[in-house]
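# Inside the fold
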Amino acid sequence: MKQSQTLIPTLKEIPADADVTSHQLLLRAGFIRQNFSGVYTFLPLGKKVLNIVEKVVREEMDAIGGNEVLMPALQSADLWRESGRWDKMGPELMRLNDRHEREFVLGPTHEEVVTSIVRDEVKSYKQLPLTVYQIQTKFRDERRPRFGLLRGREFIMKDAYSFHLTDESLDASYQAMYDAYSRIFTRLGLNFRAVIADSGAMGGKDTHEFMALSKVGEDTIAYSTASDYAANIEMAEVYDNYSPSTETLKELEKVSTPNKKTMQEVADFLGHPIDKGLKTLLFKADESFVLVVTRGDHEVNEIKLKHVLHVENIELATDEAARELLGADFGSLGPIGVSEDVQVICDLAVKAVANVTCGANEDGFHYVNVNPSRDFGEFTYEDIRFIQEGDLSPDGKGTIKFAEGIEIGQVFKLGKFYANQLGAEVLNDQGRAETLTMGCYGIGVSRTLAAIVEQHHDDAGIVWPKQVAPFALHLIVVNSKNDEQVALGNALYEQLQAAGIEVLYDDRKERAGVKFAESDLIGLPVRVTVGKKASEGIIELKERKSEEKEEMTIDALMAYVKTI
Ligand SMILES: O=C(C[C@@H]1CCCCN1)Cn1cnc2cc(Cl)c(F)cc2c1=O
Ligand SMILES: [Mg+2]
Ligand SMILES: [Mg+2]
């Protein structure tokens, strides 16, 4: 491609509202432009990289028996009523009416559509297992679109769906997808981890998220220093090596703690470290209340709590509810003396405490020398706290460290929910109708492109891994007024392309300094400069990543390009 004939609108300055590197560089290097909040145009270079990412995804989906389809973005509201999500989803679901006032959604995902197609077209177990996938535009009206392509309101996703009669068949497809995702992200040059994840509103059984490690990632990963254990922090289990304390139990005592509310205030007032205090929080779990107790230095993990309680919604109760139920507000709650109908759950770490402090369910009073097994009524121990760095890894190997990650993919064992809701069933080998079970598998294709830039850049600009670069080589003529340089540039352009090299040829009438700065921004793996020594048949080759430069003859260049 000749730059005199394409569109690569570079920017010298960092755009004001671009806060992360990938957003800044994709804008400055002329790969994308924002149309409006959360909605982008892929310009020629951006579209070429998008095509490359999609090509890798297609190859790996096809290799595991995926059938590519293309479902509509426009979806009938009726399907979403059948699944129950028309009413369940909030403002994130983009809804619209057609000229006949019929209701539609702009698809954020395609469980309903794909299940309706399989319901209508798949009648026999002989047609299973079936995996279909698409690479298609999704719409989600994010409250706060940000970070460019990392969180847009219109974005490109590969979403795949598999259909089965048995869990074994689903497990096989899940594993095949898991392995294909690992191949895809490896081929794209990403440093990623597959982590145990929470299925959120999707329900179902197992799910893993694929996280590109990056400081700008919104998710936190807990991983072991000595094994391949890795989990989204929402799900990371705590290794239960807690044993009862050997401390002598002291006499329980109620003390006045005037206006001491927070764990730290109470601990300081009573003169003990914060981990010798118990934190008691009242939660509303669906329609009932639960009293949750953790060590003072631990935090309640509400996702774990939701799983333990098997509820849909979990939220902190209000002060009013606490006062009504327990007689005090959040500053002085405790599990001692609560009525039988309030469920009490203690985190595992509470097993090992002795002679600690907790609220007395009376504003301005606490108990000291509390020992749960002696002083609490009915309660259970559960793993309900967030894991912390330095904790033992739940597989017993090594300790836990945290990292930030960008969620670029997720695989789900969805189960039978959507097939149930939409009536997707087949006749099994006994001729009896059976409901299908499903898996669903997503990759954020446009988000992945941004994640690659987050992991591959330097101060001068993007440094594309060679397998995803929009072109293999950047050919630059230094002085476009010099006939010899232009002649050699033109000749090399033809010769390199004839050798099968994808070349971006900067043939513009621009100052050399501008051309080099833009070339560093765009970040192609190799740059060939035709300059003063053109008359001697000598060019300069520069490798973008190492920034190493080398002068060489045309023949040497043609030999070199066979290796890239
Ligand atoms: O999309 C998934 C599950 C999988 C992910 C892999 C590919 C297939 N879908 C989860 N999810 C996320 N955000 C959503 C936003 C809206 Cl507004 C919605 F209506 C539905 C969803 C929704 O279902
Ligand atoms: Mg998440
Ligand atoms: Mg997720």
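Residues numbered from 1 in each chain as written. Chains lettered and ligands numbered in written order. Predicted model: local features only at pLDDT ≥ 70, side-chain atom pairs only at ≥ 80, totals over all residues. Heavy atoms only, no water.

## Section: the packing of helix α1 (residues 21-28) against helix α12 (residues 445-455)
- Look at α1 against α12: their axes get within 8 Å of each other, and the N-to-C directions meet at 100°. Compared by their axis directions, α1 and α12 come out roughly perpendicular. Counted together, T21, S22, H23, L25 and L26 of α1 and L449, A450, V453 and E454 of α12 form the full contact between these two elements.
- In the contact of α1 with α12, the residues fall into five nonpolar, three polar and one charged. (Axes fitted to C-alpha atoms, helices over the stretch in contact; angles between N-to-C directions. Helix = DSSP H or I, 4+ residues; strand = E, 2+ residues; numbered from the N terminus. Parallel < 35°, antiparallel > 145°, perpendicular 65-115°, else oblique. Contact = heavy atoms within 4.5 Å. Nonpolar A, V, L, I, M, F, W, Y, C, P; charged D, E, K, R; others polar.)

## Quick word on the domain arrangement of the protein chain
- Along its sequence, the protein chain is carved into domain 1 (11-210 + 407-453), domain 2 (253-382) and domain 3 (473-561).
- Domain 1 and domain 2 are separated by 41 Å when their C-alpha centres are compared. (Domains from an automatic or database assignment.)

## Some details on the packing of helix α2 (residues 44-63) against helix α6 (residues 167-187)
- Close contact between α2 and α6 brings their axes to 10 Å; oriented N to C, the two are set at 150°. Classified by the interaxial angle, the pair formed by α2 and α6 is roughly antiparallel. For the crossing formed where α2 meets α6, the hand is right-handed. Across the interface between the two elements, V56, V57, E59, E60 and M61 of α2 pack against M177, A180, Y181, R183, I184 and R187 of α6.
- Of the residues assigned to the contact of α2 with α6, the class counts are seven nonpolar, no polar and four charged. (Left-handed = near helix turned anticlockwise from the far one by under 90°.)

## Some thoughts on the pattern of salt bridges
- Enumeration according to the criterion identifies 42 salt bridges in this entry.
- Between E502 and K48 there is a salt bridge, and its shortest N-O distance comes to 3.8 Å. One end of the pair, E502, is in the loop between α13 (483-498) and β28 (503-506); the other, K48, is in helix α2, with 454 residues separating them in the sequence.
- The exposure class of E502 is partly exposed, given its relative accessible area of 44%.
- When its relative accessible area of 26% is taken as the criterion, K48 is described as partly exposed.
- The partner of R85 in a salt bridge is E111, and the shortest N-O contact between them spans 3.1 Å. Here R85 is found in helix α4 (residues 85-88), whereas its partner E111 is found in helix α5 (residues 111-121), with 26 residues between them in sequence. Both residues of the pair, R85 and E111, belong to the buried class.
- Taken together, the salt bridges that share partners define one network made up of K55, E59, E60, R183 and R187. (Salt bridge = Lys/Arg side-chain N within 4 Å of Asp/Glu carboxyl O. Buried < 20%, exposed > 50% of the residue type's maximum accessible area, 1.4 Å probe, protein only.)

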